[in-house]
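What follows is each chain in one-letter form.
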Amino acid sequence: MKIITVKDMYEADRWTMEEAGLDEIVLMENAGAALASSIQVGEGNGRVILAGKGNNGGDAIVMARRWAEQKIPFSLWLLCPPEKLRSAPRQHLNAYVAAGHSFTVLAPDTKELLAEELNVAHLIVDGMLGIGTKGAPREPYRTILQWANHSQAIRIAIDVPSGVSEDIHQGEVFKATRTITLQAPKTTAFHPRWTSFYGQVEVVDIGLPDKAFEKVEVRRQLWGQEQVRRTYPKRAPDAHKGTAGKACVFAGSFTMPGAAVLAGKAAIRGGAGLTTIVTPKSALPLIAPSLTEATYVAASDEDGHFSGELPALGSFDAITVGPGIGRRKGSALLVDQLLEAENVPLLLDADALYHLSEDVSRLKRRGSPTILTPHPGEMAQLCGVKVQDVQTERLNLSRRFCQEYGVFLVLKGPHTVVTTPSGEQFVNHSGNAALAKGGTGDVLTGVITAFMMSHGSVQAALCNAVWLHGKVAEVLVEEKHSLTDVTASDVIDGLPSVLRTVEK
Ligand SMILES: NC(=O)C1=CN([C@@H]2O[C@H](COP(=O)(O)OP(=O)(O)OC[C@H]3O[C@@H](n4cnc5c(N)ncnc54)[C@H](O)[C@@H]3O)[C@@H](O)[C@H]2O)[C@@H](O)CC1
Ligand SMILES: Nc1ncnc2c1ncn2[C@@H]1O[C@H](COP(=O)(O)OP(=O)(O)O)[C@@H](O)[C@H]1O
Ligand SMILES: [K+]
């Protein structure tokens, strides 16, 4: 599903109205109807619908008419004088009034009543500000947002939570329990500043033809279960360990053997036919007893870490380097040599990214696919910026980096972003804070390593691995864990149940 900017949405809107001849009134009617049927009204009274002066308010007015016709009790508040409404919302307000329904206009003498209603409401529908918002909400929105946010009510936002805007600000924003977005998810839903205000996001169709988005260059998409099912490869009945892929994982050290175990186990669970762990000699006995199915190469060791001498290796379908290798000179030398490995996809994670950041331009010399899997701290180091700058520019920064260096990038965190060398972007929709624990990144690296060899497309491999990893965390918390106790090993153990649903 395409993720769009405000400009894209207005362009699609314009096309639909001007080229397809569908009136704004019709789209607003569709939006209101879709909202009326997807919002659960709950028991009792105390439903407040807030309508602002733009088209977002128009959607709320249509929704109110639909509810009124179904005899659902509510109060509709108009936050501007009716004559200040834009043309389409005004026409819908006329229809609402003509149908015999009532509303209250916010004014000095009604303000207190609204405060009281919001205070005791069980459901607040926010049609105050939509994608036309510029900067922090001004009065009267600011105060009403404060009242709404203090209420114990379930809060539903129409299209976007009021106050969310593409230009970042620190003003008041509607804290939605759920946001019902019209037609397509907006980029702001995945911006770290705004994600938490959106709550649960649902997309409803309001009748814009797909063609309306063809003219818009949309290169960002949501990646979810549907896409995974479509792209997940079937294992051939005559598959053998050679066809399932031979992976070589450079991981571990005397002080960090666990990272190698986690990445190796996850690669094997992820379907790799053969997994070879290359690790410093002294770390090998710490790793091998916990990972029976792998084969091993003992690398030359210097004080429990890679010395930098590359052992003689056979041929592999994928090479991964990083988990637990440490930051000493030896592992830097290792990374340097692996970057020269021709004709094999190379995944760099964790400490390998630390070494890479010494000279990122080396990436430009690579002839085969290169995959980087940084968390925001590692991304900041790769780009020479602050972590905060990574977080506010996750999508744009990733795209610029991938286009400049010709790599695939997995920028981790809530809503992990996968970017291809040409700048296509895929935002992941699964996962939860249970993953915020050491070692879960090593698990992801292992799964990616396996998927790179089984999927025809690197992009699909990355997106599917990221989705699976997040989905496992969701299932673990739904079924037998809490957000607090999940371990990286639990994530590996949880892979089978989600993989089974994908294979079906
Ligand atoms: N195809 C579509 O995209 C459709 C969109 N619709 C709705 O239309 C909305 C966009 O409508 P509009 O373009 O009228 O925009 P809004 O509904 O966001 O309203 C913008 C209004 O708020 C004012 N405003 C902007 N920033 C403000 C701030 N910081 N403080 C106070 N006031 C501020 C502006 O002056 C303007 O009058 C969408 O979010 C959606 O809900 C629907 O009506 C159906 C069709
Ligand atoms: N709050 C969160 N919500 C969703 N996913 C998260 C969250 N916190 C962490 N993750 C995921 O957990 C993993 C952590 O990886 P990383 O930071 O590399 O850990 P480590 O290096 O310790 O293994 C990433 O896949 C990241 O996307
Ligand atoms: K809104």
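Nothing here was measured: the structure is a model prediction, and the numbers come from that model. Here the residue numbers are simple positions, counted from 1 along each chain's written sequence. Throughout, the order in which chains and ligands are written sets their labels, letters from A for the former and numbers from 1 for the latter. Reporting in this predicted model follows two pLDDT cut-offs: at least 70 for local features of residues, and 80 or more for side-chain atom pairs to be given and counted; totals over whole chains, interfaces and linings ignore these cut-offs and use all residues. Based on all heavy atoms of the structure, the side-chain values leave hydrogens and waters out of the count.

Caption draft 1: Fine view of the overall build of the chain. Scanning the chain for helices and strands turns up 18 helices and 19 strands. Along the first, second and third principal axes, the C-alpha set of the chain runs to 85 × 45 × 45 Å. Counting only residues that meet the buried cut, the chain has 56% of its 504 residues in that class. Note on definitions: a residue-residue contact is assigned when non-hydrogen atoms from the two residues lie within 4.5 Å. Of the contacts formed within the chain by residues at least 6 apart in sequence, a portion of 69% connects residues at least 24 apart. Total accessible area on the chain stands at roughly 21600 Å², and carbon and sulfur atoms take up 51% of it. In this tally Asp and Glu are treated as negative and Lys and Arg as positive; neither His nor the chain ends contributes. By convention, charge coordinates are those of NZ in Lys, CZ in Arg, CG in Asp, or CD in Glu. Averaging the coordinates of the 50 positive side-chain charges in the chain and doing the same for the 55 negative ones gives two points 1 Å apart. Strands are runs of DSSP state E lasting at least two residues, helices are runs of H or I lasting at least four, and both sets are numbered from the N terminus onward. The rule is simple: take the accessible area with a 1.4 Å probe, protein chains only, and divide by the maximum for that residue type; under 20% is buried, over 50% is exposed, in between is partly exposed. Surface accessibility in these figures is a Shrake-Rupley result with a 1.4 Å probe; residues are shielded only by whichever protein chains are displayed.

Caption draft 2: Molecular detail of the site of ligand 2. Nearness here has a simple test: a residue counts as near a molecule or strand if at least one of its heavy atoms is within 4 Å of that partner. Within the structure, ligand 2 sits among 16 residues, and Lys412, Gly413, Gly438, Gly439 and Gly441 are positioned closest to it. Within the side chain of Lys412, one N or O atom sits 2.7 Å away from an oxygen atom of ligand 2. One nitrogen or oxygen atom from the main chain of Asp442 is found 3.2 Å from an oxygen atom belonging to ligand 2. Here the element with the most residues in the shell around ligand 2 is helix 16 (residues 440-454); it accounts for four residues. Asp, Glu, Lys and Arg are counted as charged, while Ala, Val, Leu, Ile, Met, Phe, Trp, Tyr, Cys and Pro are counted as nonpolar; the rest, among them Gly, fall into the polar class. The residue inventory of the shell around ligand 2, partitioned by class, reads five nonpolar, nine polar and two charged. Pairs of N or O atoms are called polar contacts if they sit within 3.5 Å, as long as, within protein, a hydrogen donor faces a hydrogen acceptor (for residues adjacent in sequence, only side-chain-to-side-chain pairs).

Caption draft 3: View of the sheet that holds strand 9 (residues 246-250). DSSP-based pairing: two strands are paired if at least 2 bridges between them are found. In spatial order, the strands read 8-19-18-17-16-15-14-9-10-11; together these ten strands make up an open sheet with mixed pairing. Either end of the sheet is taken by a strand with one partner, and the two such strands are strand 8 (220-223) and strand 11 (295-299). Pairs of neighbouring strands in the sheet enclose a mean axial angle of 20°, with direction left out of account. Contacts from helix 15 (residues 394-405) reach strand 8, strand 16 (370-372), strand 17 (408-411), strand 18 (417-419) and strand 19 (425-428), with the element oriented near 155° to strand 17. Where helices are involved, their axes are fitted lines through C-alpha atoms of the stretch in contact, as for all axes, and angles between N-to-C directions lie from 0 to 180°.

Caption draft 4: Inspection of the coordination of the potassium ion (ligand 3) at higher detail. Note: metal donors comprise N, O and S atoms at 2.8 Å or less from the metal (3.2 Å for Na, K and Ca); water molecules are not included, so apparent gaps in a site are possible. For the potassium ion (ligand 3), the protein coordination sphere consists of Asn56 (OD1), Asp126 (O), Asp126 (OD), Leu129 (O), Ile158 (O) and Val160 (O), at 2.7 to 3.2 Å. Given six donor atoms and angles of 67 to 145° at the metal, the environment of the potassium ion (ligand 3) is assigned as irregular. Taken in chain order, the donor set of the potassium ion (ligand 3) reads N-x69-D-x2-L-x28-I-x1-V. A residue pair is termed long-range when its members are at least 10 positions apart, and Asp126 in strand 4 (residues 123-127) and Val160 in the loop between strand 5 (154-158) and strand 6 (178-182) qualify at 34 residues. Geometry assignment treats four donors as tetrahedral when all angles are between 85 and 135 degrees, treats four as square planar and six as octahedral when opposite donors are over 155 degrees apart and all others between 65 and 115, and treats everything else as irregular.

Caption draft 5: Seen up close, the environment of Thr104. Tracing the chain through its elements places Thr104 in strand 3 (residues 104-105). As a C-alpha pair, Thr104 and Trp77 span 27 residues in sequence and 5.0 Å in three-dimensional space.

Caption draft 6: The packing of helix 5 (residues 111-120) against helix 6 (residues 141-150), seen in detail. Two elements in contact, helix 5 and helix 6, have axes whose closest approach is 8 Å; the angle formed by their N-to-C orientations is 25°. It follows from the interaxial angle that helix 5 and helix 6 lie roughly parallel. Contacts from Lys111, Leu114, Ala115 and Leu118 in helix 5 reach Ile144, Trp147 and Ala148 in helix 6. Looking at side-chain class alone, the contact of helix 5 with helix 6 contains six nonpolar, no polar and one charged residues. Oblique is the label for any angle not under 35 degrees, not over 145, and not in the 65 to 115 range, which are roughly parallel, roughly antiparallel and roughly perpendicular in turn.

Caption draft 7: Representation of the site of ligand 1. Near ligand 1 there are 26 residues, and of these Tyr10, Asp13, Asp59, Arg86 and Asp159 occur at the shortest range. Note that a nitrogen atom of ligand 1 is positioned 3.4 Å from one of the backbone N or O atoms of Gly135. Contact with the protein chains removes 92% of the 870 Å² of surface that ligand 1 exposes when unbound. Of all the secondary-structure elements, those providing two or more residues to the shell around ligand 1 are helix 1 (6-18), helix 2 (24-38) and helix 3 (55-69). Residue composition of the shell around ligand 1, by class: twelve nonpolar, seven polar and seven charged.

Caption draft 8: Summary view of the pattern of salt bridges. By salt bridge we mean one thing: a side-chain nitrogen of Lys or Arg within 4 Å of a carboxyl oxygen of Asp or Glu. Enumeration according to the criterion identifies 14 salt bridges in this entry. Where Glu139 meets Arg142, a salt bridge forms, and the shortest distance between an N and an O atom there is 3.1 Å. Its salt-bridge partner being Asp349, residue Lys412 comes within 3.6 Å of it at the nearest N-O pair. Linking Lys412 in the loop between strand 17 and strand 18 with Asp349 in the loop between strand 15 (346-348) and helix 12 (350-356), this pair joins segments that are 63 residues apart in sequence. With respect to burial, Lys412 and Asp349 carry one shared label: buried. Several salt bridges converge on common partners, so that one network encompasses Glu11, Arg14, Glu18 and Glu19.

Caption draft 9: Quick peek at the sheet that holds strand 6. Across the sheet, seven strands lie side by side as 3-2-1-4-5-6-7; this open sheet has parallel pairing. The open sheet has two edge strands, strand 3 and strand 7 (200-204), and neither has a second partner. Relative to strand 5, strand 4 runs parallel, the two sharing four bridges. Residue pairing across strands places Leu123 opposite Ile154, the latter belonging to strand 5. Contacts from helix 5 reach strand 1 (47-51), strand 2 (75-78) and strand 4 within the one sheet, and its direction differs from that of strand 1 by about 130°.

Caption draft 10: Quick peek at the environment of Val228. One can find Val228 in helix 8 (residues 225-231). Along the sequence, Val228 and Leu468 sit 240 residues apart, while their C-alpha atoms lie 8.5 Å from each other. The residues touching Val228, leaving out its near neighbours within four places in the chain, are Trp223, Asn464, Trp467 and Val502.

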